[in-house]
Amino acid sequence: ILFAVCGWSAWYAPYGSERLAASSWRISADADEWANIYLAIRTNEQLTRYAKPGIGYNDPDMLLGSSPHAAVSLTPEQSRAQFALWAMMT
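Read on for an overview of the structure. (Residues numbered from 1 in each chain as written. Predicted model: local features only at pLDDT ≥ 70, side-chain atom pairs only at ≥ 80, totals over all residues. Heavy atoms only, no water.)

**Regarding the nonpolar core**
Buried together is how nonpolar side chains tend to be arranged in soluble globular proteins.
Logical step 1: Within the largest apolar cluster, eight residues are counted, these being A31, I37, A40, I41, L64, L74, W86 and M89.
Logical step 2: The biggest single contributor to this core is helix 2 (residues 34–47), with three residues.
Logical step 3: If sequence neighbours within four positions are ignored, I41 has contacts with L85, W86 and M89.
Logical step 4: The next biggest cluster of nonpolar side chains, apart from the first, holds seven residues, and it includes Y12, A22, W25 and I27. (Core = buried A, V, L, I, M, F, W, Y, C linked by side-chain atoms within 4.5 Å. Buried < 20%, exposed > 50% of the residue type's maximum accessible area, 1.4 Å probe, protein only. Helix = DSSP H or I, 4+ residues; strand = E, 2+ residues; numbered from the N terminus. Contact = heavy atoms within 4.5 Å.)

Structure (structure tokens):
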């Protein structure tokens, strides 16, 4: 069972699963534009020490594609960059 806390705030990370009983916690706003994706990346830099197996993980939000037909999309380059960075973040 995965329990995810979603409140769009970095302050969840220091509490982790010990106090939140959560497997993951959102760390920033919705990833609905490049500026918010960049914010999630920079926020995660400060919070990586809180993400550990058995404790829980920082959740930078969803991956976006580059389809021009989607309600929200990125350029192909931004989409690839987001995917690569999400894969590297713990």
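**Some words on helix 2**
Logical step 1: With 14 residues, helix 2 extends 20 Å from end C-alpha to end C-alpha; this agrees with the ideal 20 Å at 1.5 Å per step.
Logical step 2: Those residues of helix 2 not exposed but buried are N36, I37, A40, I41, T43, N44 and L47.
Logical step 3: Contacts from the buried residues of helix 2 go to strand 3 (57–59) and helix 3 (76–88). (Expected span 1.5 Å × (residues − 1).)

**Observations regarding the sheet that holds strand 1 (residues 4–5)**
The strands that make up a sheet are held in pairs by hydrogen bonds between backbone atoms, and each pair lies either parallel or antiparallel.
Logical step 1: Ordered in space as 1-2-3, the three strands form an open sheet in which the pairing is parallel. Each edge of the open sheet is held by one strand with a lone partner, namely strand 1 and strand 3.
Logical step 2: Sheet topology note: the strand 1/strand 2 (residues 24–26) ladder contains two bridges and is parallel. Its bridge partner lying in strand 2, A4 is registered against S24. (Pairing = 2+ DSSP bridges.)

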